[in-house]
Amino acid sequence: MKKLVGIEALAIAVPSRYVDIQELALARGVDPAKYTAGLGAKEMAVADPGEDSVSLAATAAARLVRNNNVDPSRIGMLVVGTETGIDHSKPVASHVQGLLKLPNSMRVYDTQHACYGGTAGLMAASEWIASGAAAGRSAIVVCSDIARYGLNTAGEPTQGAGAVALLVSEQPDLLALDVGLNGSCSMDVYDFWRPLGRREAVVDGHYSIQCYLDALSGAYRGWRERALAHEVVRWGSNLPGEQLARILYHVPFCKMARKAHTQLRLCDLQDAPSGAPATPEARDELAKSAASYEAQVASSLSLNARIGNVYTASLYLALAGLLHGESAALSGQRIGLLSYGSGCASEFFSGVVGEKAAKRMAQTDVESVLARRERVSVKEYERIMNLPYDAPEALTPAAGTFRLAEIRDFKRRYVEGAAS
Ligand code: HMG
């Protein structure tokens with residue numbers, strides 16, 4: 001029998017503060033509808049220098065271990081996908097290993113390719129387990145990032161921060177991956193990048209959207225070819241993409257998921273061997289179907305709309321949002337996932353929601369993690385954005401969360417909030 005491999009459990013971490021997106025729009029002299037309806041945002045997470053990629057990753061990973069009673073001796077691999085590195089050499093993952101006091105007998109490393117880095121880690125972990133090399137051990141994959149474009153930039157309302165930790169194992173209670181069906185598409189483009197030494201990303205915003213859509217088309221068609229060959233989907237009155245119960249996309253801002261879904265439908269409508277509308281105009285119209293977007297995509301975006309872009313973690317925040325609301329209804333059903341990282345790399349993959357997904361999601365405290373956040377004014381958000389990254393304010397971390405306390409002699413020291 002083929003080994004089942006996939007995501008057994010997940011946990012999230014977010015900064016302790018957020019700003020309301022309509023308030024930000026008003027402060028920038030922009031019609032709030034541009035940020036809400038135009039980009040699909042509601043709130044934006046605000047990370048201060050004490051909430052760096054290590055502390056967010058460690059907080060999510062510690063929640064994962066605690067909420068799911070994970071036996072650390074079961075873990076053979078710890079990977080952090082991030083593009084918010086804190087050192088050219090020492091990975092975020094080794095800090096997480098130390099802060100969680102995980103055993104030495106494991107592989108520990110970071111993976112980087114813009115927002116695709118977390119998926120690179122997930123695929124390395126799941127294929128390691130599927131190959132048998134893991135010999136029954138599990139992996140923790142953490143996606144942790146701070147999306148930062150700077151004040152008064154076009155990218156400003158698409159900032160955000162947070163982390164999602166995934167337990168990857170042979171007991172995929174949340175999502176059993178269709179290992180081997182993945183489709184990839186990568187190209188050498190300058191759509192978004194962050195040169196060494198810069199805190200803020202450089203982005204060619206509208207071009208980056210086009211790169212995302214082009215890469216999606218290649219990755220989806222690659223997956224579809226394999227899924228058709230394995231009879232996971234078929235051409236019929238329902239197009240192959242329509243046979244997936246839900247489709248999750250990389251979410252730099254929520255409206256992007258709608259654009260991505262239109263593009264995916266267009267791929268199916270253009271390639272359908274028969275029965276598709278003959279003219280490009282008719283195909284475009286059908287691809288934009290609001291009903292299809294509502295049925296297959298909209299329900300996954302609740303967390304993304306309240307946190308903003310979290311680069312590597314954005315796709316997995318969409319997974320958390322979907323399973324938080326709908327895991328019981330989706331039990332046994334196949335969903336599709338599209339990962340995109342600028343530069344660029346993309347991968348379309350699929351998996352089947354597990355029967356125990358609802359029970360597992362009940363163990364995650366997604367709602368309470370968000371409810372504990374403090375709303376700050378735009379003035380306070382701007383003050384936080386202007387703080388030097390290497391001198392964190394001396395704030396007490398909440399129980400069970402980590403915080404960067406200081407950097408001395410080029411070493412970072414973290415503190416954990418005491419249990420209340
Ligand atoms: P912009 O140029 O300021 O906005 O920047 P716009 O003029 O394109 O307007 C945005 C939308 O709002 C449009 O909708 C407008 O029509 C609408 P669309 O036509 O696209 O459907 N709009 C309004 N709606 C209602 N009422 C109004 C109104 N006014 C306008 N009054 C942009 C937008 C996304 C380019 C900018 O925010 C940006 O540069 N963001 C960062 C880059 C980004 O997120 N790119 C996404 C693809 S690349 C990616 O996903 C990778 C990434 O995550 C990084 C990584 O991989 O590491 C970014």
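Look above for the structure.
All of the points below concern the structure found in this document. Just so it is clear, the model here is predicted, and its values are computed rather than measured.

**Digging into the packing of aromatic side chains**
1) Next: Under the criterion given, the structure shown has 8 aromatic pairs.
2) Next: For the ring pair tyrosine 149 and phenylalanine 192, a centre distance of 6.0 Å and an interplane angle of 75° mean the geometry is edge-to-face. Taken together, the residues span a long stretch of sequence, with tyrosine 149 in the loop between strand 6 (138-147) and strand 7 (160-169) and phenylalanine 192 in strand 10 (residues 192-193) at a distance of 43 residues.
3) Next: On the basis of an interplanar angle of 55° and a centroid distance of 5.2 Å, the ring pair of tryptophan 223 and phenylalanine 348 is categorised as tilted. In this pair, tryptophan 223 is assigned in helix 6 (residues 205-229) and phenylalanine 348 in strand 14 (residues 345-353), connecting sequence segments 125 residues apart.
4) Next: Taken together, the ring pairs connect Tyr149, Phe192 and Tyr311 into an aromatic cluster.

**Description of the site of the ligand**
1) Next: For the ligand, the set of nearby residues contains 28 residues, the closest of which are Lys34, Glu83, Cys115, Ala154 and Lys259.
2) Next: Here an oxygen atom of the ligand sits 2.8 Å away from a polar atom, N or O, in the side chain of histidine 206.
3) Next: Here an oxygen atom of the ligand and a side-chain polar atom of histidine 250 are 2.8 Å apart.
4) Next: Burial of the ligand by the protein amounts to 75% of the accessible area it has alone, namely 1,100 Å².
5) Next: Those elements that provide at least two residues to the shell around the ligand are helix 2 (32-38), helix 6, helix 7 (254-271) and strand 13 (334-341).
6) Next: With 5 residues, the top contributor of residues to the shell around the ligand is helix 6.
7) Next: Of the residues assigned to the shell around the ligand, the class counts are 13 nonpolar, 10 polar and 5 charged.

**A closer look at unusual backbone geometry**
1) Next: Of note, the amide linkage connecting glycine 343 to cysteine 344 takes the cis form, showing an omega dihedral of 5°.
2) Next: Residue position: cysteine 344 is located in the loop between strand 13 and strand 14.
3) Next: Residue alanine 114 is not a glycine yet carries a positive backbone phi of 45°.
4) Next: Relative to the elements of secondary structure, alanine 114 occurs in the loop between strand 5 (107-111) and helix 5 (117-131).
5) Next: Note on alanine 114: relative accessible area 11%, which makes it buried.
6) Next: Phi is positive for alanine 135, which is not a glycine, with a value near 50°.
7) Next: Residue position: alanine 135 is located in the loop between helix 5 and strand 6.

**Points about the environment of proline 397**
1) Next: Locating proline 397 in the fold gives a position in the loop between helix 14 (378-385) and strand 16 (402-408).
2) Next: Separated by 162 residues in the primary sequence, proline 397 and tryptophan 235 have C-alpha atoms spaced 53 Å apart.
3) Next: Apart from residues lying up to four places away in sequence, proline 397 is in contact with Arg403, Val415, Glu416 and Gly417.

**Focus on the pairing of strand 2 (residues 17-20)**
1) Next: Side chains Arg17 and Val19 project from strand 2 onto one buried face, and the interleaved Tyr18 and Asp20 project onto a second face that is buried too.
2) Next: In this sheet, strand 3 (residues 43-46) lies alongside strand 2 in antiparallel orientation, the contact comprising 4 bridges. Paired with tyrosine 18 across the two strands is alanine 45, which belongs to strand 3.
3) Next: Pairing between strand 2 and strand 15 (residues 374-375): 2 bridges, direction parallel. Each residue of the ladder has a partner; that of tyrosine 18, found in strand 15, is arginine 375.

**A closer look at the state of the cysteines**
1) Next: On inspection of all chains with the given rule, the structure shows 0 disulfides.
2) Next: With no disulfide of its own, cysteine 143 lies closest to cysteine 115 among cysteine sulfurs, the gap being 10 Å.

Rules and cut-offs
Residues numbered from 1 in each chain as written. Predicted model: local features only at pLDDT ≥ 70, side-chain atom pairs only at ≥ 80, totals over all residues. Heavy atoms only, no water. Phe/Tyr/Trp six-rings, centres within 6.5 Å; stacked < 30°, edge-to-face > 60°. Helix = DSSP H or I, 4+ residues; strand = E, 2+ residues; numbered from the N terminus. Near = heavy atom within 4 Å. Polar contact = N/O pair within 3.5 Å; in protein donor to acceptor, adjacent residues only side chain to side chain. Areas by Shrake-Rupley, 256 points an atom, 1.4 Å probe, with all protein chains shown as cover. Nonpolar A, V, L, I, M, F, W, Y, C, P; charged D, E, K, R; others polar. Buried < 20%, exposed > 50% of the residue type's maximum accessible area, 1.4 Å probe, protein only. Contact = heavy atoms within 4.5 Å. Pairing = 2+ DSSP bridges. Disulfide = S-S within 2.5 Å.

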